[in-house]
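Survey of secondary and tertiary structure
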Amino acid sequence: GESVGLHLPTLSVQEGDNSIINCAYSNSASDYFIWYKQESGKGPQFIIDIRSNMDKRQGQRVTVLLNKTVKHLSLQIAATQPGDSAVYFCAENGDTGKLIFGQGTTLQVKP
Amino acid sequence: DTAVSQTPKYLVTQMGNDKSIKCEQNLGHDTMYWYKQDSKKFLKIMFSYNNKELIINETVPNRFSPKSPDKAHLNLHINSLELGDSAVYFCASSQANRGTEAFFGQGTRLTVV
């Protein structure tokens, strides 16, 4: 069946350090991937996306890497700030048309 | 200015009641969704509508009935509420039903007592 998973449920980093959040997906037909950030009491918020014809995409302080060979996705956050503390989800969009979410990783930023 | 808005934000009700959650988007998107987020933060799609037509209907009890009067609105009606229905329900919309980001509402926290 389809599944998207994250390797670690909680990631704790020091303010100013770089963060890397990982995600594994199982549907090789998925061709579009999104990272979302969810703060407490709010809905998921789009961070960055990537299509399967790319292996890297950069935004402001964030980079998404896609490795289709091993079906792995990662989100890198540079110079992590307290405001980055949230739950991060990867999501895949495949041939079913569904946007399937991973289980989420909680990022805790220590001052 | 809110792109995807859903009401109410909080809903506390007794078992057996019937309740509705409303959702509206002003983004001009063709596709709208309902997601359920459980206590472990897992987000699972329930329904998807494209131009008022149901295109995804996950294994959801038929006590849940979505209704889309127009492509800007997707409401969720729940009959005979059960304790296990307690969760946060998110409405979302996207420009197309595939390959585009989904924008989420703020969520409705449903508590069944």
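Worth saying up front: this structure is predicted, and the values here are computed from it rather than measured.

So, about the pattern of salt bridges. Considering all chains together, one arrives at eight salt bridges over all chains under this definition. A salt bridge links K42 of chain A to E39 of chain A; the nearest nitrogen and oxygen atoms lie 3.7 Å apart. Residue class for K42 of chain A comes out partly exposed when judged on its relative accessible area of 46%. Residues D30 of chain B and K71 of chain B are paired through a salt bridge, measuring 2.6 Å at the closest nitrogen-oxygen approach. Here K71 of chain B lies in the loop between β7 (64-70) and β8 (73-78) and D30 of chain B lies in the loop between β3 (19-25) and β4 (31-37), a separation of 41 residues in the sequence.

All names here are of chain A. One pass over the structure, following the stated rule, counts two disulfides over all chains. Between the sulfur of C23 and that of C90 lies a disulfide, 1.8 Å long from S to S. Judged by the sign of its S-S torsion, about 55°, the cystine formed by C23 and C90 is right-handed. Residue C23 is found in strand β3 (residues 19-25), and its partner C90 is found in strand β9 (residues 86-93); the two are separated by 67 residues along the sequence. With respect to burial, C23 and C90 carry one shared label: buried.

Calculation rules
- Residues numbered from 1 in each chain as written.
- Chains lettered and ligands numbered in written order.
- Predicted model: local features only at pLDDT ≥ 70, side-chain atom pairs only at ≥ 80, totals over all residues.
- Heavy atoms only, no water.
- Salt bridge = Lys/Arg side-chain N within 4 Å of Asp/Glu carboxyl O.
- Buried < 20%, exposed > 50% of the residue type's maximum accessible area, 1.4 Å probe, protein only.
- Helix = DSSP H or I, 4+ residues; strand = E, 2+ residues; numbered from the N terminus.
- Disulfide = S-S within 2.5 Å.

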